[in-house]
Amino acid sequence: QQQVKQSPQSLIVQKGGISIINCAYENTAFDYFPWYQQFPGKGPALLIAIRPDVSEKKEGRFTISFNKSAKQFSLHIMDSQPGDSATYFCAARNSGGSNYKLTFGKGTLLTVNP
Amino acid sequence: EAQVTQNPRYLITVTGKKLTVTCSQNMNHEYMSWYRQDPGLGLRQIYYSMNVEVTDKGDVPEGYKVSRKEKRNFPLILESPSPNQTSLYFCASSSYRANYEQYFGPGTRLTVT
């Protein structure tokens, strides 16, 4: 049972363009939605996160849009740069339980061409 | 520097030979967790620990053991590794003080032949 569905699997964008990655979840108990960025040979690093009480959060060129009724959230990378080329994972967490486990999407490999 | 360290970073072993992957964090975090990452599957939790001597299974615990005798360390033990445990393993830690945002180690690439 895949609780967080992520798309697309891979994405190629030109420098300066907008990268958009989408995720959908099923479990309505999820209350924290982070995005992780992973470079080859490195562990995932927290990029930006949102809670369902807001519809958008922006940090620099990175924006999360959240649609609670549709159970969807997305990552927008504005003015994409070659240095943004990495694998991006969306995740979700139910903070009400005893396990602060992150449920991850399958990842999106982003390539930004110069 | 605040960090999560893992050793070894790369390991090739044979079926049935017991191995331990170590994880250590220097942030005084209560919560630690192990994930495995496989192509097309994302990251899946193996085991987690809420604090010293408190551990529990995640989504894919079969074939693994853990222990938490000290707050900073959370080793992952494969007592009889099999080829289906070939994967990239990540340790993570977090704290209630930081909203349980998880900090990941650099990963251990394990190959079982």
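Note that the structure is predicted; figures quoted are calculated from it, not measured.

J.: It is not clear to me how the layout of surface pockets should be interpreted in this structure. Could you clarify?
T.: If you roll a probe as big as a water molecule over the atoms, it shows you where there is empty space left. Approximately 570 Å³ is the volume attributed to the largest pocket. Lining the largest pocket we find 33 residues, and of these A:Gln38, B:Gln37, B:Pro39, B:Leu88 and B:Arg109 sit closest to its centre. Secondary structure elements with two or more residues in the lining of the largest pocket: β1 (4–7), β9 (86–92) and β11 (108–113) of chain A together with β4 (31–38), β9 (87–94) and β11 (108–112) of chain B. The element that contributes the greatest number of residues to the lining of the largest pocket is β11(B), accounting for four residues. Taken together, the residues of the lining of the largest pocket sort by class into 11 nonpolar, 17 polar and five charged.

J.: Is there a simple way to explain the sheet that holds strand β3 (residues 19–25) of chain B in this structure?
T.: What holds strands together in a sheet is hydrogen bonding between their backbones, with the strands either parallel or antiparallel. All names here are of chain B. Strand order in this open sheet of four strands is β1-β3-β8-β7, and the pairing throughout is antiparallel. Unpaired on one side and paired on the other, β1 (4–7) and β7 (65–66) mark the two borders of the sheet. Two elements, β7 and strand β8 (residues 76–78), share two bridges in a ladder whose sense is antiparallel. Residue pairing in the sheet places Lys65 in a bridge with Ile77 of β8.

J.: What exactly am I supposed to notice about the pairing of strand β6 (residues 54–57) of chain B here?
T.: Remark: a regular strand shows side chains that alternate across the two faces of the sheet. Residues and elements named next belong to chain B. Across four bridges, the pairing between strand β5 (residues 42–51) and β6 is antiparallel. Each residue of the ladder has a partner; that of Tyr47, found in β6, is Lys57. As consecutive antiparallel partners, β5 and β6 are separated by two residues, and within that stretch Glu53 has a phi angle of approximately 65°, a positive value.

J.: What is the right way to read the interface of chain A and chain B from this model?
T.: Where the parts come together, the accessible area they lose is often given as the size of the interface. Each side of the interface is counted separately: chain A has 19 residues, and chain B has 20 residues. Buried area between chain A and chain B, both sides added, is near 1700 Å², and the carbon and sulfur share of it is 51%. Interface area lost by chain A to chain B is led by A:Tyr100, A:Lys101 and A:Phe104, which between them contribute 28%. At the junction of chain A with chain B, the criterion picks out one salt bridge. Applying the counting criterion to the chain A and chain B interface returns nine residue pairs in polar contact (both at pLDDT 80 or more). Counted by class, the side of chain A that touches chain B contains eight nonpolar, six polar and five charged residues.

J.: Explain the packing of aromatic side chains to me, please; I cannot follow it from the model alone.
T.: Centre-to-centre distance and the angle between the planes together describe a pair of aromatic rings. Throughout the structure, instances matching the rule amount to 20 aromatic pairs over all chains. Between the aromatic rings of B:Tyr35 and B:Phe104, the centroid separation amounts to 5.6 Å while the plane-to-plane angle is 45°, which identifies the pairing as tilted. Of this pair, B:Tyr35 sits in strand β4 while B:Phe104 sits in strand β10 (residues 103–104), and the two are 69 residues apart along the sequence. When sorted by exposure, B:Tyr35 lands in the same class as B:Phe104, which is buried. The interplanar angle of 65° and the centroid separation of 5.8 Å between the aromatic rings of B:Tyr64 and B:Tyr89 together place this pair among those described as edge-to-face. Within this pair, whereas B:Tyr64 is found in the loop between β6 and β7, its partner B:Tyr89 is found in strand β9, the two being separated by 25 residues in sequence. The buried category is assigned to B:Tyr64, whose relative accessible area is 5%. Taken together, the aromatic side chains of A:Tyr25, A:Phe30, A:Phe33, A:Trp35, A:Phe66 and A:Phe73 make up a single cluster linked through ring pairs. Seen from the ring of A:Tyr32, A:Arg93 lies directly overhead, with NZ or CZ sitting 4.1 Å from the centre.

Conventions and cut-offs
- Residue numbering note: each chain is counted from 1, following its sequence as written.
- Here chains are named by letter from A upward and ligands by number from 1 upward, in the order in which they appear as written.
- Selection of residues for local features in this predicted model requires a pLDDT of at least 70, selection of side-chain atom pairs for listing and counting requires 80 or more, and totals for whole chains, interfaces and linings are taken over all residues.
- Excluding hydrogens and water, the side-chain values take into account all heavy atoms of the structure.
- Only protein atoms enter the calculation, which uses a 1 Å grid: trapped sets of points that fit a 1.4 Å probe without letting it out are cavities, open sets showing protein on both sides within 12 Å along at least five of seven lines are pockets, and any residue with an atom within 4 Å of a point is a lining residue.
- Grid points are joined across faces, edges and corners, and a volume is the space filled by probe spheres set on the points.
- By definition, any uninterrupted DSSP run of H or I lasting at least four residues is a helix, any uninterrupted run of E lasting at least two residues is a strand, and each is numbered from the N terminus.
- When residue character is reported, Ala, Val, Leu, Ile, Met, Phe, Trp, Tyr, Cys and Pro are called nonpolar, Asp, Glu, Lys and Arg charged, and the others, Gly included, polar.
- Being paired, for any two strands, means DSSP has found at least two bridges between them.
- Any two residues whose heavy atoms approach within 4.5 Å are treated as being in contact.
- Buried area: the accessible area, evaluated with a 1.4 Å probe, that two parts lose upon being put together, summed over both parts.
- What makes a salt bridge here is a side-chain nitrogen of Lys or Arg within 4 Å of a carboxyl oxygen of Asp or Glu, nothing more.
- The definition of a polar contact used here is a pair of N or O atoms within 3.5 Å, where within protein one atom must be able to donate a hydrogen and the other to accept one, and adjacent residues in sequence count solely through side-chain atom pairs.
- Whether two aromatic rings pair depends on their centres lying within 6.5 Å, for rings of Phe, Tyr and Trp, where Trp uses its six-membered ring; planes under 30 degrees apart make the pair stacked, over 60 edge-to-face, and the rest tilted.
- Each residue is assigned to one of three classes by its accessible area relative to the maximum for its type, calculated with a 1.4 Å probe on protein chains only: buried under 20%, partly exposed between the two thresholds, exposed over 50%.
- Cation placement over rings: the criterion is NZ of Lys or CZ of Arg within 6 Å of the ring centroid and within 35° of the ring normal.

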